[in-house]
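Given next are the chains, with one letter for each unit.
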Amino acid sequence: MEVKNSQSNFNLLARIKIVKGENFVTIEDTKSLANQELIELITYLMGQSFIKNCKNVNILVNSKFNKKVDSLLIENGFKLHDENVTVHKVLDDLFKVENGFLLKDLHELSLAEFKRVWEESMKGSLNAPSSLNVDEQMRSVELELGPNYKKSCIIAYDNGNPIGVIMPHIEAGTSKEGRIFYFGIIPSERGKGKSKLLHQQALEILKNDFMATHYIGCTGHNNIPMLKTFQNNGCTVIERNKVFKRKN
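What you see is a predicted model, and the numbers here were worked out from it, not measured in a lab. (Residues numbered from 1 in each chain as written. Predicted model: local features only at pLDDT ≥ 70, side-chain atom pairs only at ≥ 80, totals over all residues. Heavy atoms only, no water.)

**Student:** Residue-level account of the overall build of the protein, with values.
**Tutor:** Along its length, the protein carries eight helices and ten strands. Relative to a compact globule of 248 residues, whose C-alpha radius of gyration would be 18 Å, the protein shows 19 Å and is just as compact. C-alpha extents for the protein along the principal axes are approximately 65 × 35 × 30 Å. Among the 248 residues that make up the protein, the fraction classed as buried is 47%. Intrachain contacts of the protein at a sequence separation of at least 6 include 74% that bridge at least 24 residues. When the accessible surface of the protein is totalled, it reaches about 12800 Å², and 50% of it is carbon and sulfur. When the 33 positive and 29 negative side-chain charges of the protein are each reduced to one mean point, those points stand 3 Å apart. (Helix = DSSP H or I, 4+ residues; strand = E, 2+ residues; numbered from the N terminus. Rg over C-alpha atoms; globule rule 2.2 N^0.38 Å. Buried < 20%, exposed > 50% of the residue type's maximum accessible area, 1.4 Å probe, protein only. Contact = heavy atoms within 4.5 Å. Areas by Shrake-Rupley, 256 points an atom, 1.4 Å probe, with all protein chains shown as cover. Lys, Arg positive; Asp, Glu negative; His and termini not counted. Charge placed at Lys NZ, Arg CZ, Asp CG, Glu CD.)

**Student:** Give a description of the packing of helix H2 (residues 35–45) against helix H4 (residues 67–75) that names residues and reports values.
**Tutor:** Between H2 and H4, the least distance of the axes is 9 Å, while the angle of their chain directions is 10°. Between H2 and H4, the interaxial angle falls into the category roughly parallel. For the pair H2 and H4, the contacting residues are Asn35, Leu38, Ile39, Ile42 and Thr43 in the first and Lys68, Val69, Leu72 and Leu73 in the second. Here the residues of the contact of H2 with H4 are counted per class, giving six nonpolar, two polar and one charged. (Axes fitted to C-alpha atoms, helices over the stretch in contact; angles between N-to-C directions. Parallel < 35°, antiparallel > 145°, perpendicular 65-115°, else oblique. Nonpolar A, V, L, I, M, F, W, Y, C, P; charged D, E, K, R; others polar.)

**Student:** Could you give an account of the state of the cysteines, naming the residues involved and the relevant values?
**Tutor:** Applying the stated criterion across every chain, the model contains zero disulfides. There is no disulfide at cysteine 218, and the cysteine sulfur nearest it, in cysteine 235, is 12 Å away. Here cysteine 218 falls in the partly exposed class, since its relative accessible area comes to 40%. (Disulfide = S-S within 2.5 Å.)

**Student:** With reference to specific residues and values, describe the sheet that holds strand E2 (residues 24–28).
**Tutor:** Taken in spatial order, the ten strands make up an open sheet running E1-E2-E3-E10-E4-E9-E8-E7-E6-E5, and their pairing is mixed. The open sheet is flanked by strand E1 (17–20) and strand E5 (102–105), the only strands paired with a single partner. Here the average twist between neighbouring strands, direction ignored, is 25°. Summarising the sheet, strand E7 (residues 161–170) and strand E8 (residues 177–185) pair through six bridges and their orientation is antiparallel. (Pairing = 2+ DSSP bridges.)

**Student:** Just give me the short version of helix H8 (residues 224–232), but keep the residues and values in it.
**Tutor:** Among all positions of H8, only Met226, Thr229 and Phe230 are buried. Across the axial projection of H8, the buried residues extend over an arc of 100°, all falling on one side. Packed against the buried residues of H8 are strand E4 (79–90), E8, helix H7 (194–208) and strand E9 (214–220). Count one or two residues on from H8 and you reach glycine 234, which has phi positive near 80°. (Arc of directions from axis to C-beta.)

**Student:** Tell me what's going on with unusual backbone geometry, and back it up with residues and numbers.
**Tutor:** One non-glycine residue, asparagine 99, lies in the positive phi region at around 55°. Here asparagine 99 is to be found in the loop between E4 and E5. Take asparagine 99: its relative accessible area is 73%, and that puts it in the exposed class. Even without a glycine there, the phi angle at asparagine 159 is positive, about 55°. If you trace the backbone, asparagine 159 turns up in the loop between strand E6 (154–158) and E7. Overall, the relative accessible area of 74% leaves asparagine 159 in the exposed class.

**Student:** Before we move on, could you go through H2 and cite the residues and values that matter?
**Tutor:** Among all positions in H2, only Leu38, Ile39, Leu41, Ile42 and Leu45 are buried. Angular distribution of buried residues about the axis of H2 spans 165°; they occupy a single face of the element.

**Student:** Now, about the UniProt feature "domain: N-acetyltransferase" (unreviewed entry) in the protein: what can you tell me, with residues and values included?
**Tutor:** If you check UniProt for "domain: N-acetyltransferase" (unreviewed entry), the listed places come out as residues 101–248 in our numbering. The straight-line gap between the two end C-alpha atoms of residues 101–248 is 41 Å; of that span, 32% is helix and 32% is strand. (UniProt positions renumbered as here; feature names shortened; annotations may be inferred.)

**Student:** Got a sec to walk through the pairing of E7? Specific residues and values, please.
**Tutor:** Within E7, eight of the ten residues are buried, leaving the element largely enclosed by the surrounding structure. The pairing of E6 with E7 spans five bridges and is antiparallel. Each bridged residue has a counterpart across the sheet, and for aspartate 158 the counterpart in E7 is asparagine 161. Adjacent in sequence and paired antiparallel, E6 and E7 are bridged by two residues, among which asparagine 159 carries a positive phi angle near 55°.

Spelled out as structure tokens, the structure:
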């Protein structure tokens, strides 16, 4: 019976995605599981040392699941942190961005300058705040994006002044799936219509520099400006997930 259960858990694990950082674990892509399968998997994971001993654990629960899943997570110390909207766009129909912002990556910038602008762009965000500070997030970038992370850490400038940060990359384990690890405009530059153009530039970089064929984006359901940016740039909503977090 134990062998059967172990095989069953292994099969369930193979159908989701687990992202491990220096001090966090994120469980994604739960939508392929049935309700009872996710309940079984959560019960199994709660007994695993890499979950029990982790400082920050995040589980994305697809909107199709019922309240039993939510209740089980809450019983295990999780709290509802946010609700995310995920979008998709094929990148074969991009037009060339004219008169875009000046972009510089970490090959041209100091790490201190990049972190300063990144931290500024996170202030007052409509997304739920990260449980990691900027140094911890920077380490996560290096870990998740690998040795070429510097080309993904980009500051955008308008008339010589930094206006925001984009972090395009190829999703780990794929060769063609474009993602943007972080996208943000600093508070003084918001509401000026710059998000649409900067997002277009990020998509162009994904296609031309990273050779991505499609883009997957994600933002909190309360981040109406970002949702409008997705819509304006031809992205289609493909799923919604509740984000549950547990912090030790």
